[in-house]
Amino acid sequence: MNFDLSDEQNVVSDLAKQIFEGHAPVERVKHVERAGDGFDRELWHELANANLLGLCLPEDVGGSGFGLVELCMLLEQQGRRVAPVPVWATLALGALPIAEFGTPAQRTEWLPGVCAGNVVLSAALNERGADDALRPTVTALRSEHGWHLQGVKPTVPSAQFAARVLVPARQDDGRIGVFLVNPADAGVQVQPVKATNHQPHAHLVIDTVVSADDRLGGESGDGEEQLHFMLERALVGLCALQLGVCSAAIEQTAAYTSGRAQFGKPLSTFQAVGHQAADAFILTEPMRVTMLQAAWRLVHGLPSRQEVLIAKYWASEAGQKVVHLCQHLHGGMGSDIDYPIHRYFLWGVQNETTLGAGSTQLARLGELIAREGR
Amino acid sequence: MNFDLSDEQNVVSDLAKQIFEGHAPVERVKHVERAGDGFDRELWHELANANLLGLCLPEDVGGSGFGLVELCMLLEQQGRRVAPVPVWATLALGALPIAEFGTPAQRTEWLPGVCAGNVVLSAALNERGADDALRPTVTALRSEHGWHLQGVKPTVPSAQFAARVLVPARQDDGRIGVFLVNPADAGVQVQPVKATNHQPHAHLVIDTVVSADDRLGGESGDGEEQLHFMLERALVGLCALQLGVCSAAIEQTAAYTSGRAQFGKPLSTFQAVGHQAADAFILTEPMRVTMLQAAWRLVHGLPSRQEVLIAKYWASEAGQKVVHLCQHLHGGMGSDIDYPIHRYFLWGVQNETTLGAGSTQLARLGELIAREGR
Amino acid sequence: MDIGDSPEEAAFRAEARAWLEANAQRRDPAKRHKQASTDVEQDVHARACQEWQRVLYDGGWAGLTWPKRFGGRGGTPWQAAIFAEEQNKFDVAVGAFAVAHGMVAPTLMMHGTDDQRGHLDAMLRGDDIWCQLFSEPEAGSDLANIGTRAVLDGDEWVINGQKVWTSGAQHSVYAILLARTDPDAPKHAGITYFILDMRSPGIEVRPLRQITGVAHFNEVFLTDVRIPVANVVGDVNGGWKIAHTTLSNERALIGGGNTAWSMQELIAMARHFGRTNDPIVRQGIAKAHSRAAVLQYMGYRMRTSISRGEMPGVVASTMKLFYARHWAATTALALSIQGADGVLWGDSALDDGLWQQTFCGQYAVRLGGGTDEIQGNVIGERALGLPREPALDRDLPWRETRGSGR
Amino acid sequence: MDIGDSPEEAAFRAEARAWLEANAQRRDPAKRHKQASTDVEQDVHARACQEWQRVLYDGGWAGLTWPKRFGGRGGTPWQAAIFAEEQNKFDVAVGAFAVAHGMVAPTLMMHGTDDQRGHLDAMLRGDDIWCQLFSEPEAGSDLANIGTRAVLDGDEWVINGQKVWTSGAQHSVYAILLARTDPDAPKHAGITYFILDMRSPGIEVRPLRQITGVAHFNEVFLTDVRIPVANVVGDVNGGWKIAHTTLSNERALIGGGNTAWSMQELIAMARHFGRTNDPIVRQGIAKAHSRAAVLQYMGYRMRTSISRGEMPGVVASTMKLFYARHWAATTALALSIQGADGVLWGDSALDDGLWQQTFCGQYAVRLGGGTDEIQGNVIGERALGLPREPALDRDLPWRETRGSGR
């Protein structure tokens, strides 16, 4: 048993850190936020050039053959800079499932492009109302030319840039299928929406026919299993992002409160301030260990349903507390959007809620425990 | 509208304060706890001599004709000294319902004795399991000689000293009846139990026949209404006790932390300490205003169901937080039973849980709100 | 103790309500307006406030508790509270006069010269909006650390410095201003309180865009701005005490405000998202309801002590803290009721992003009138009698502390 | 990163388990023993700990990570962790040697003379129980403020003073003791670290009865107690640094402890009271489960850093705080599951009042090894690099600070 990162993992993490620090300084992030469409393509290509977009993809499609744990390190580093690039959507939501379940044609069509930085992917996991990703409401009727998909998928990340969006749907035979939908199809309306973290998202209104070849894994793919796989990676990826957001926010808060003096001494030497910063630190530790544990178990194929829920519970519950504490300790600077800390707050709140806030994860976990009696 | 106490109310409050401070100093409380049966009869007689036990009872039975608000002031002062006397049980649980609903015979049999300090009363409101006082599980079968009561009532306060215990029961005709049960009856087993606040309590195992004259209000008394009345007074009385417990605990904590120095200055000048004390203070304010509001509305016959639940929610939730904070700020002294603060902790926890902790009150309130749409 | 309307109070309430019915539209309690966001919206809002204030004035309802000699109605704090409760049920714009009526007016009545009190009438008529130039980048919680300098030149003071977190500076005709007039005195003893005409040359107002998307606050840069000596309120170097009058009124104002939402809104939202039977949501609504009740009762208590003529220091701090916590918890609850839709923003979100805006707005509420930490100190010292934390810079000449203050 | 047993670890686990199966009884995970309450129960418990320690010793399992030259097994921290996990599944008494093994031994190994290290064997065999005489009524969080005096008289030190919060003093043969040897030095620089034979004349042990009903702690009064100079650990006046070694081991000990309850117990209790379908209870159990998972993983992390040879300062403080919060929240949950029965106490309550006892015991957990506030300072300074709060008494001669220290 060894909780340290391996040498290779440290190299990945350092490389990612270097790229994000070099190419996503605050001024750049601000610039993309104000002037662009919320997607920093320059940074995206830097990541591709450093082979980081293929990090968790198999070598046969141009990747480096690492896995989810290493992807989490990349996401953590992205979170630290709140950098506007669709890493989570493309890799966790799109590429990992295709690499795992895709037909040879699907893999070769999409994954090399991902590694090269030419293809953005995403998945549509949110559901209106009860928001249970495991019960998709889009319907898929088998038709002459493939599958007729109908329904609405809210708040799909980066849908407006995605070459394909993975859409889970309920088939007419009662099974679940995951379909590779092209948002540019005439039958797909892409309605861009604003989101809390100011990153690009869109609602998809789907009424289109996709070819049978665009069912993930082909005719025999087990949609139920694929959907579980997707949701678990999506959740753990969010946890990693959130960890990065929170740890950087705390570091910035420690620096800010140590640099600002009131009543003749640094703010952070007021115990009420210092202890709130310490509380925030204490809260990131559970986020870190539960995320690593869940990622590691998933990679090793161990039972992980509880561990994933636990990780997302902490990412949501502790994560929102951390960003609140940091925002609060920044005083007026927290509200001023010329100062960077507010972005960490907004990302933290977004990550908290996405795919279910803390209480949702607890309710699911409570059910599992009651059932499994663990 | 006027939230100040009236002159008369101030007199009552001052008198009660004087008696409890004079006759329940820490050493006396400790003595009764160690040497006696947990009932300070000397103090009880002092209260009677000062006419405080008849405070909230009508003048025709020897009382002073005040009401619930003034009883709450008495209970608050008792709570401040955590004094071992059955004020809540005798007055809130026993005497008020008899004064309101009792037949003339019941009133003259019991209430003058209460005023004089010769009679202790109580009521059995706790229920095993789900603990819903409004759904009594004791059964009452009409028999030749009155009513045959059968069932168990857990944790009845001061049952071992009570001349009569008011026992709500489900009658064979489906109605609720409240019965004046004599714990000394052969058919009543009084099983003394230890409780968190170290005050006398007993389980009652009832299998006895009480005369028809011992049904509260006689044959026509509306047991449902009586039970609601009893529960509401019981809850508000607990809130007043809890307020006293908490405010005194905070004062003692402020004094302790201001008197104890570490690192060359008083503990309370460490912001982490001072702010925890301030937090405790902030939490007592909701307890005070919601208790007063509920008591006042009850006295004036206004709709009060929500207000009573709100008051008990704060007494439970804020109350336990306050006693935890005070206990914590006392450091090691909190755990040492030679030092008085632990009694406030234990009473605070007991009051929190009795007749339903915060989450129970919230669940009931949530139901009311959803139903009444307020 | 008597927690209902007395007959006189009931009569006053009826009178107020009747007048309001005749002069304004009732508000739908389940609906709420978003905070004015754009510059245009903010201008519209300020003008609407001025118009409504004029209607109040003409109707004899302005300055409800102000003495008649200052043009007010000479009413009691209880009447003001009742009027506010009733007015809150109508669709009228208020807020732009919070500084003028809530903070400047009590200060001028207590400390102003007769000439200075001449401003009171224009405030009451809705003509002049005022703002407050107190905080600076280096003087937030430690307000006495302000560095904006005022130097006497003939019969004018010359002001140089930067202020921040100023609400409504762009609509204001006048401001109250704190500036340092004696840097060699200890920090509390070298501050003077001025009235500043915002139309003076040398004033630059720059909006601060906030996380909520609104620019409610401004930075204000003062360069060689001249103020006549007649505009000093109280004594030169005696401004700190006067600022205290202003600030304790601010605290009471924030804590005593009506809650920004009704329980109906939350219940309606839960119904909209099909979550009224979710026990966790229900618990959240019950908690919010319990907090709202506490605020209402605390408000009664505060008004009772005001009507006894007491300055409600501790009660105001307690309410302010409680109010801020209520705001934070209730807006978080609202977002959680929205589930996945809670992450939407602006016009993509429910009610045009009103709830997200209010949620983010919690930080302005927590800061205004003193941070949570400052309130904690106030309560510890005044309510519990805790000794003060030793301050290192209290008695030193301000100039000498300046190094460590940056 | 590799979060499963390696083959070597798995082999070691199997070996440990086999030995335990042969030498002890398995424990029922849904049942738990109450803390020893009466004097008799405490004596029985101490004796049982001694006996089990002897079994470990004879079986070659004592001092798992101690170097072989001190009589230990020379194992790795990982082996110790695995052994502790396995041992925790058996019904054996441990705890009485926490001070000796967890705190005294590492200190003596690092700082003791050869003679002093001679004590190690008797600890390992289960012969000698040790206690710690550090805290005093006026020196709790501010431990360096101790006033117990040690004055040199020939080749003996003469000790006078009062210690408090001493666990197991009544069963101890030896103690570690901090006393002031130079009152004119600043407070950290005049303290010496001693080994005290508890059978010396002049020692009076008075039990402190606690809120839990147990007298786990004692006051210890020292009157003209004599200690040979050979019993000084490290240098005279150099005791503070050595105390640090002891204390950081204490912190790791408390935070790293196994949780006192299993989830099975809580689920069984919820079932017993018919509350497994209550969503609020379920949420509480799910939270408790999530906290337990975090503690387990943090434990792995701590052991990883120990096995790298690092002193896990920040991790230990974090775990200790987290552990204390988990304890408080989970025992409160247990009482709330019991509903009306939660207010019962002692033998009137479920499981003989075990849960009420554990609930009240949270305060001992929160204090031991430094208060929550001290951990907050540690984390702020070491994990976040925050500057230290200015201390007013740090460099003054201790004697001069004494007035304000009382």
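Residues numbered from 1 in each chain as written. Chains lettered and ligands numbered in written order. Predicted model: local features only at pLDDT ≥ 70, side-chain atom pairs only at ≥ 80, totals over all residues. Heavy atoms only, no water.

### Quick word on the overall build of chain C
Of regular secondary structure, chain C possesses 14 helices and eight strands. At 22 Å, chain C has a C-alpha radius of gyration in line with the 22 Å of a compact globule built from 406 residues. Overall, chain C is about 70 × 45 × 45 Å in size when its C-alpha atoms are taken along their principal axes. A burial count over chain C gives 57% of its 406 residues as buried. Pairs at least 24 apart in sequence give 74% of the contacts found in chain C among residues at least 6 apart. Accessible surface for chain C amounts to roughly 16100 Å². Of this, 51% is attributable to carbon and sulfur atoms. Positive and negative side-chain charges of chain C, numbering 42 and 48 respectively, have mean locations separated by a distance of 5 Å. (Helix = DSSP H or I, 4+ residues; strand = E, 2+ residues; numbered from the N terminus. Rg over C-alpha atoms; globule rule 2.2 N^0.38 Å. Buried < 20%, exposed > 50% of the residue type's maximum accessible area, 1.4 Å probe, protein only. Contact = heavy atoms within 4.5 Å. Areas by Shrake-Rupley, 256 points an atom, 1.4 Å probe, with all protein chains shown as cover. Lys, Arg positive; Asp, Glu negative; His and termini not counted. Charge placed at Lys NZ, Arg CZ, Asp CG, Glu CD.)

### Focus on the interface of chain C and chain B
A common way to report how large an interface is uses the accessible area buried once the components associate. Listed by partner, the interface residues are 45 residues for chain C and 46 residues for chain B. The junction of chain C with chain B conceals about 4100 Å² of combined surface from both sides, 69% of it contributed by carbon and sulfur atoms. Joining chain C to chain B, the criterion identifies two salt bridges. With a shortest N-O distance of 2.9 Å, Arg325 of chain C and Asp279 of chain B are connected by a salt bridge. For the interface between chain C and chain B, the tally reads six residue pairs in polar contact (both at pLDDT 80 or more). (Buried area = accessible area lost by both parts, 1.4 Å probe. Salt bridge = Lys/Arg side-chain N within 4 Å of Asp/Glu carboxyl O. Polar contact = N/O pair within 3.5 Å; in protein donor to acceptor, adjacent residues only side chain to side chain.)

### Digging into the interface of chain A and chain D
Taken together, the contact between chain A and chain D spans 46 residues of the former and 45 residues of the latter. For the pairing of chain A and chain D, the buried interface totals around 4100 Å² over both sides, and the portion due to carbon and sulfur atoms is 69%. Linking chain A with chain D are two salt bridges. Between Arg301 of chain D and Glu285 of chain A there is a salt bridge whose closest N-O contact spans 2.8 Å. Connecting chain A to chain D are six residue pairs in polar contact (both at pLDDT 80 or more). The set of elements that each furnish at least two residues to the side of chain A that touches chain D consists of α7 (223-259), β9 (265-266), α8 (271-299), α9 (305-329) and α12 (358-372) of chain A. It is α8 of chain A that provides the largest number of residues to the side of chain A that touches chain D, a total of 16 residues. Residue classes in the side of chain A that touches chain D are distributed as 22 nonpolar, 16 polar and eight charged. (Nonpolar A, V, L, I, M, F, W, Y, C, P; charged D, E, K, R; others polar.)

### What about the pattern of salt bridges?
Residues and elements named next belong to chain C. Here the structure, examined in full by the defined rule, presents 88 salt bridges over all chains. Between Asp372 and Arg366 there is a salt bridge; the shortest N-O distance is 3.1 Å. For Asp372, a relative accessible area of 15% corresponds to the buried category. When salt bridges with common partners are traced through the structure, they connect Arg13, Arg17, Glu85, Glu86 and Lys89 into a single cluster.

### With respect to the side chain of Thr246 of chain C
Along the chain, Thr246 of chain C falls in helix α7 (residues 239-255). Here the side chain of Thr246 of chain C touches Thr107 of chain C through a polar contact of 2.9 Å, side chain to side chain.

### Quick look at the domain arrangement of chain A
Residue and element names in this part refer to chain A. Under the domain assignment, chain A is made up of domain 1 (7-119), domain 2 (123-222) and domain 3 (224-373). Just the C-alpha atoms count here: the centres of domain 1 and domain 3 sit 21 Å apart. On the domain 3 side, the residues contacting the 23 residues of domain 1 number 31 residues. Here domain 1 packs against domain 3, burying approximately 2300 Å² in sum over the two surfaces, 70% of which is carbon and sulfur. At the junction of domain 1 with domain 3, the criterion picks out five salt bridges. The shortest N-O distance in the salt bridge between Arg343 and Glu33 comes to 2.7 Å. Between the two partners, domain 1 and domain 3, sit six residue pairs in polar contact (both at pLDDT 80 or more). Its residues placed into classes, the side of domain 1 that touches domain 3 shows 14 nonpolar, two polar and seven charged. (Domains from an automatic or database assignment.)

### As for the packing of aromatic side chains
Tallying each qualifying case throughout the model produces 41 aromatic pairs over all chains. Between Trp19 of chain C and Trp61 of chain C, the aromatic rings sit 5.8 Å apart at their centres with planes inclined by 40 degrees, giving tilted as the arrangement. Of this pair, Trp19 of chain C sits in helix α1 (residues 7-23) while Trp61 of chain C sits in the loop between α2 (39-59) and α3 (77-87); the two residues are 42 residues apart in sequence, bridging distant segments of the chain. Grouped by ring-pair contacts, the aromatic residues Phe12, Trp19, Trp52, Trp61 and Phe83 of chain C constitute a single cluster. When the ring centre of Trp61 of chain D is taken as origin, the NZ or CZ atom of Arg73 of chain D, which lies over that ring, is 3.8 Å away. The ring of Phe221 of chain D carries Arg206 of chain D above its face, with NZ or CZ at 4.0 Å from the centroid. (Phe/Tyr/Trp six-rings, centres within 6.5 Å; stacked < 30°, edge-to-face > 60°. Lys NZ or Arg CZ within 6 Å of the ring centre and 35° of its normal.)

### Looking at the domain arrangement of chain C
Residues and elements named next belong to chain C. Domain boundaries in chain C define domain 1 (7-96), domain 2 (130-237) and domain 3 (256-370). On a C-alpha basis, the centroid separation for the pair domain 2 and domain 3 is 32 Å. Residue-level contacts link five residues of domain 2 with five residues of domain 3. At the boundary of domain 2 with domain 3, total buried surface from both sides reaches about 370 Å², with 75% on carbon and sulfur atoms. Between the two partners, domain 2 and domain 3, sit zero salt bridges.

### A few points about helix α3 (residues 41-49) of chain B
Since the α-helix turns once every 3.6 residues, residues separated by three or four places project in the same direction. All names here are of chain B. Restricting attention to buried positions, one finds in α3 the residues Leu43, Trp44, Leu47 and Ala48. All buried residues of α3 lie within an arc of 145 degrees about the axis, which places them on one face of the element. What points out from α3, more than 90 degrees from its buried face, is the exposed set Glu42 and Asn49. Buried residues along α3 sit against α1 (7-23), α4 (68-81), α5 (87-101) and α6 (104-116). Its side-chain oxygen 3.3 Å from the backbone nitrogen of Glu42, Asp40 forms the N-cap of α3. (Arc of directions from axis to C-beta.)

### Some points on unusual backbone geometry
One non-glycine residue, Phe263 of chain A, lies in the positive phi region at around 55 degrees. For Phe263 of chain A, the position within the fold is in the loop between β8 (261-262) and β9. Of note in this structure, Val82 of chain B is not a glycine but carries a positive phi near 40 degrees. For Val82 of chain B, the position within the fold is in the loop between α4 and α5. Among the residues examined, Val82 of chain B registers a relative accessible area of 3% and is labelled buried.

### A word on the pairing of strand β3 (residues 156-167) of chain C
Residues and elements named next belong to chain C. Relative to β3, strand β2 (residues 149-153) is paired through five bridges, and the arrangement is antiparallel. Across the sheet, residue Arg149 finds its bridge partner in β3, namely Asn160. Of the pairings in the sheet, the one linking β3 to strand β7 (residues 217-228) comprises nine bridges and is antiparallel in character. Across the sheet, Gly161 pairs through a bridge with Leu222, a residue of β7. (Pairing = 2+ DSSP bridges.)

### Some thoughts on a positive patch on the surface
Judged by side-chain charge, Lys321 of chain A, Lys321 of chain B, Lys287 of chain C together with Lys287 of chain D come together as a positively charged surface patch. Assessed through its relative accessible area of 32%, Lys287 of chain D is described here as partly exposed. (Patch = residues over 30% accessible without salt bridge, like charges linked within 9 Å, V, L, I, M, F, W, Y side chains within 5 Å.)

### So, the UniProt feature "domain: Acyl-CoA oxidase/dehydrogenase middle" (unreviewed entry) in chain C
Here the UniProt-annotated "domain: Acyl-CoA oxidase/dehydrogenase middle" (unreviewed entry) positions come out as residues 131-224 of chain C. Secondary structure across residues 131-224 of chain C comprises 0% helix and 51% strand; the distance between its end C-alpha atoms is 19 Å. (UniProt positions renumbered as here; feature names shortened; annotations may be inferred.)

### Thoughts on the side chain of Thr212 of chain D
Residue and element names in this part refer to chain D. In this fold, Thr212 is placed in the loop between β6 (203-208) and β7 (217-228). Among the residues examined, Thr212 registers a relative accessible area of 11% and is labelled buried. Here Val214 takes part through its backbone nitrogen, which lies 3.4 Å from a polar atom of the side chain of Thr212. Here Thr212 is in contact with Gln357, Cys360 and Gly361, once residues within four sequence places are set aside.

### Regarding the UniProt feature "domain: Acyl-CoA dehydrogenase/oxidase N-terminal" (unreviewed entry) in chain A
The residues that UniProt annotates with the feature "domain: Acyl-CoA dehydrogenase/oxidase N-terminal" (unreviewed entry) are residues 6-117 of chain A. Across residues 6-117 of chain A one finds 70% helix and 0% strand; the C-alpha atoms that close the span lie 27 Å apart.

### Concerning the packing of α5 of chain B against α6 of chain B
Residue and element names in this part refer to chain B. Packing of α5 against α6 leaves a shortest axis separation of 9 Å and a crossing angle of 145 degrees. In this structure, α5 crosses over α6, and the sense of that crossing is left-handed. Across the interface between the two elements, Thr90, Leu91, Ala95, Ile98 and Ala99 from α5 touch Gln106, Arg107, Trp110, Leu111 and Val114 from α6. Looking at side-chain class alone, the contact of α5 with α6 contains seven nonpolar, two polar and one charged residues. (Axes fitted to C-alpha atoms, helices over the stretch in contact; angles between N-to-C directions. Left-handed = near helix turned anticlockwise from the far one by under 90°.)

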